[in-house]
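Here are the chains, one letter per residue:
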Amino acid sequence: MPLNRRGFLGLTTGLTVVTLAGCGSGAAPASSTPRTGGRLRAAFAGGGAKEVLDPHLANLFVEAARSKAMFDKLADLGGDVSPQPRLAEKWEPSADLTRWRITLRKAAFHDGRPVRAQDVLASYARILDPNRAFRAKSSLTLIDLPNSRAVDDRTVEFALKRPFVEFPNALAAFGAYIVPEGAEDFSKPVGSGAFSFVSFEPGRSVLLKRNADYWEGAPLLDELEFVIANEESARTNALLGGQVEYAHDLTPTTARSHASGDRMTIHRAPNSAVQAFAMKLDRPPFDNRDLREALFLLADRPQLVESVLAGSGQVGNDLFGKGYQHYAGDLPQRERDVDKAKFLIRKAGAEGLVVKLDTSTAAAGMVEAATVFADQAKGSGLTIEVAQGNKDTYWADTLKNGSLSSFRSGAMPIETHIAQRLLKGAGTNVTKWARPEFDALYEKAVSTSDQAARADAYREMQRMQHTEGGYLMWGFADWIVGAKPNVGGISTAPANTLDWARFDKVWLG
């Protein structure tokens, strides 16, 4: 499931926070010219004793950020959520798209060993181990590992089980990091990333130092320390009190409160998380297309963005991936139309129907959005009853039960969203969408090197979703971080992409 805050709630903070009421930031605004030196302390929510430094097991945001600092992937996602080369200098597919040759950069691990093709194959073999559960496994299963090979130390040739033009998306998959061949002990991890390991206090902090020999150039910071503060208020107060210079994952309310002040600078990453409601198409009442369209027309998207996201977001159009590669931005924006919604509800014979909307605190804003949407539906002839479920089992429960539920997802390529959530048999197909012609379009898109034909197929799949699908995607939330005014180089790329929580380009003024 997508990264969310559920693993961060109710945990004891490992950071002692002192609120200095009325205290100024104590730091001058960041210089526009990058500078070297200093230690940046970054506050994240954590997982206590469950936190890991094994990059293949990373799941929490803090684990993902630490993995990014210490390790590299062959590719990662750019600002438009398209794959960009990282340890892979380039990739070249065969004419039939079943073999991919990857040329590695000249890079070294922190202990001086070169990054070799054998390390890449060993890393992927570890992830694909059938006896272990690593998050990147589902993305890498299309690799025919026994028939893949190291051509030489800097060249890997991957054999695939089927033609797949989007293979670079798999190289950029969450958790698909390259580790030294044979690596299993990550108590003192050795990667090839911009920062190398110094110390780890589980549930409290991880200290890293500059890797002067990093292949993309040495970081500007001397040191980077991740500290744990589980509550958003604790991260905010630590930043205001001068105990940290960077606070991850702040609320829109906090952002509004400090947007015009001089004690912290607010950084927003647009289109980082889609907010939605999911209707199941395989059962009443939303097996009726007219009733699905009625719900689309009842949603007041601007009001949802303003009230639930406190204005920190953009209106959605019932499609995933606004602004991402292949997004069908030319489809007409859906607007609220209560009269037409009432007509469709009558046409569907659903007047007086009560529909349960399952939601929970498993992700921020879902309960609030469900409550606002239920209010928007009043007077339409349809009654929406909000039912709050167990946050710990919510995603598994709503995957199979109920007919209408709250949904939230972070950034990923549109191809990955389709493959994981919309194809017949997809593991997280919460809307139970099943259309043979849709699946055929996907196969056409991923098995052709003709870019125009691929773009047409993706647009048609999105048109089908917009017209008949079960996702009411009402908004895209900004991801918000706060920093001291003297911190420069913070990116506004969507969460889960390369430049999110990336510190090798950050400096202290």
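Sequence order as written defines residue numbering, which begins from 1 separately in each chain. Reporting in this predicted model follows two pLDDT cut-offs: at least 70 for local features of residues, and 80 or more for side-chain atom pairs to be given and counted; totals over whole chains, interfaces and linings ignore these cut-offs and use all residues. Heavy atoms from the whole structure form the basis of all side-chain values; hydrogens and water molecules are not counted.

Q: Outline the overall build of the chain, supporting the account with residue identities and numerical values.
A: Put simply, DSSP marks the helices as runs of H or I at least four residues long and the strands as runs of E at least two long, and each gets a number from the N terminus on. Within the chain, the secondary structure is distributed over 14 helices and 21 strands. All radius of gyration figures rest on C-alpha atoms, and the globule criterion is 2.2 Å times the number of residues raised to 0.38. Taken over the C-alpha trace, the chain has a radius of gyration of 23 Å; the compact-globule value for 509 residues is 23 Å, and the two agree within 12%. Structurally, the chain occupies a C-alpha span of about 70 × 65 × 40 Å along its principal axes. Expressed as a percentage of its 509 residues, the buried residues of the chain come to 56%. Within the chain, counting contacts between residues at least 6 apart in sequence, those at least 24 apart form 73% of the total. Here the chain has roughly 19800 Å² of accessible surface; of this, 49% comes from carbon and sulfur atoms. When charges are counted, Lys and Arg contribute as positive and Asp and Glu as negative, whereas His and the chain ends are disregarded. A single reference atom marks each charge: NZ on Lys, CZ on Arg, CG on Asp, CD on Glu. Computed over 61 positive and 60 negative side-chain charges, the inter-centroid distance for the chain is 1 Å. Buried means the residue's accessible area, taken with a 1.4 Å probe over protein chains only, is under 20% of the maximum for its type, while exposed means over 50%, and partly exposed covers the values in between. Only heavy atoms matter for contacts: two residues are in contact if any of them lie within 4.5 Å across the pair. Surface exposure here means Shrake-Rupley accessible area, sampled with a 1.4 Å probe, where a residue is shielded only by the protein chains that are shown.

Q: I'd like a description of the nonpolar core, backed by residues and values.
A: Counting 68 residues, the largest nonpolar core has Leu74, Tyr124, Phe158, Phe167 and Ile418 as its most contacted members. Counting 39 residues, the second largest nonpolar core, distinct from the first, contains Val62, Val206, Ala501 and Leu508. Residues grouped as a nonpolar core are buried Ala, Val, Leu, Ile, Met, Phe, Trp, Tyr and Cys residues, joined through side-chain atoms within 4.5 Å.

Q: Report on the packing of aromatic side chains, specifying residues and quantitative values.
A: Only Phe, Tyr and Trp rings take part, Trp by its six-membered ring, and two of them pair if their centres are within 6.5 Å. Stacked means planes under 30 degrees apart, edge-to-face means over 60, and tilted covers everything else. Using the criterion set out here, one finds 17 aromatic pairs in the structure. For the ring pair Tyr124 and Phe158, a centre distance of 5.4 Å and an interplane angle of 25° mean the geometry is stacked. Pair noted here: Tyr124 is in helix 2 (residues 117-127) and Phe158 is in strand 8 (residues 155-159), with a separation of 34 residues, a long-range link. Phe158 shares its class with Tyr124; the two are buried. Ring geometry for Tyr394 and Trp395: centres 5.2 Å apart, planes at 75°, overall edge-to-face.

Q: Before we move on, can you summarise the pattern of salt bridges with the specific residues and values?
A: Whenever Lys or Arg places a side-chain nitrogen within 4 Å of a carboxyl oxygen from Asp or Glu, that contact is recorded as a salt bridge. A full pass over the atoms with the stated rule returns 35 salt bridges. Here Asp478 and Arg268 are joined by a salt bridge, their closest N and O atoms 3.9 Å apart. Within this pair, whereas Asp478 is found in strand 19 (residues 471-483), its partner Arg268 is found in strand 14 (residues 265-279), the two being separated by 210 residues in sequence. Residue class for Asp478 comes out buried when judged on its relative accessible area of 12%. Residue classification places Arg268 among the partly exposed positions, given a relative accessible area of 30%. Each of Arg86, Glu216, Asp499, Arg502 and Asp504 takes part in one network of salt bridges that share partners.

Q: Hey, could you go over the sheet that holds strand 8 for me, with residue numbers and the actual values?
A: Spatial ordering of the open sheet is given by 5-6-8-7, a layout of four strands whose pairing is antiparallel. The two strands at the open ends of the sheet, each matched to only one other strand, are strand 5 (88-93) and strand 7 (149-152). Along the sheet, successive strands turn relative to each other by an average axial angle of 25°, direction set aside. Sitting on the sheet, helix 2 is in contact with strand 6 (99-104), strand 7 and strand 8, with an inclination near 35° to strand 8. Strand pairing is assigned whenever DSSP identifies at least 2 bridges connecting the two strands. As a rule, the C-alpha atoms of each element are fitted with a line to give its axis, helices using only the stretch in contact, and angles between N-to-C directions run from 0 to 180 degrees.

Q: Got a sec to walk through the UniProt feature "domain: Solute-binding protein family" (unreviewed entry) in the chain? Specific residues and values, please.
A: UniProt positions are given in the numbering used here, feature names are shortened, and annotations may be inferred rather than shown by experiment. Mapped onto this structure's residue numbering, the UniProt feature "domain: Solute-binding protein family" (unreviewed entry) falls at residues 83-411. Taken as a whole, residues 83-411 contains 25% helix and 26% strand, while its terminal C-alpha atoms sit 12 Å from one another.

Q: Outline unusual backbone geometry, supporting the account with residue identities and numerical values.
A: Note that the residue after Pro284, namely Pro285, is joined by a cis bond; omega there is 0°. As for its position among the elements, Pro285 is in the loop between strand 14 and helix 7 (289-298). The phi dihedral of Asp249 falls on the positive side, at around 60°, and the residue is not glycine. The exposure class assigned to Asp249 is buried, which follows from its relative accessible area of 5%. At His326, a position not held by glycine, the phi torsion is positive, near 80°. With respect to the helices and strands, His326 occurs in the loop between strand 15 (313-315) and helix 9 (338-347).

Q: Got a sec to walk through the packing of helix 12 (residues 414-421) against helix 13 (residues 436-446)? Specific residues and values, please.
A: Closest axis-to-axis distance for the helix 12/helix 13 pair is 12 Å, and the angle between their directions is 140°. Here helix 13 runs oblique to helix 12, going by the angle between their axes. Where helix 12 crosses over helix 13, the handedness of that crossing is left-handed. Contact residues: Glu415, Ile418 and Ala419 in helix 12; Phe438, Tyr442 and Val446 in helix 13. Polar here means any residue other than Ala, Val, Leu, Ile, Met, Phe, Trp, Tyr, Cys and Pro, which are nonpolar, and Asp, Glu, Lys and Arg, which are charged; Gly is therefore polar. Residues belonging to the contact of helix 12 with helix 13 are distributed by class as follows: five nonpolar, no polar and one charged. When an angle is under 35 degrees it counts as roughly parallel; over 145 it counts as roughly antiparallel; between 65 and 115 it counts as roughly perpendicular; any other value is oblique. Take the far helix as your reference; a near helix turned counterclockwise from it by less than a right angle gives a left-handed crossing, and one turned clockwise gives a right-handed crossing.

Q: Pulling in residues and values, what's your account of the pairing of strand 17 (residues 382-388)?
A: Bridge count between strand 16 (residues 353-359) and strand 17: seven bridges; the pairing is parallel. Following the sheet pairing, Val354 is matched in strand 17 by Thr383.

Q: Can you tell me about the confidence of the model for the chain, naming the residues and giving the values?
A: Looking at the chain, pLDDT values average 93 and 94% of them are 70 or higher. Note: pLDDT gives the predictor's confidence per residue, expressed from 0 to 100. Predicted confidence is poor over residues 1-27, with pLDDT under 50, and the contacts of this stretch with residues over four places away or in other chains come to 75 contacts.

Q: Report on the pairing of strand 6, specifying residues and quantitative values.
A: As paired elements, strand 5 and strand 6 share five bridges and run antiparallel to each other. Paired with Pro93 across the two strands is Trp100, which belongs to strand 6. From the end of strand 5 to the start of strand 6, which pair antiparallel, there are five residues, and Leu97 there has a positive phi angle of about 65°. Pairing analysis gives five bridges linking strand 6 to strand 8, with the strands arranged antiparallel. Counterpart to Arg101 in the pairing with strand 8 is Glu157.

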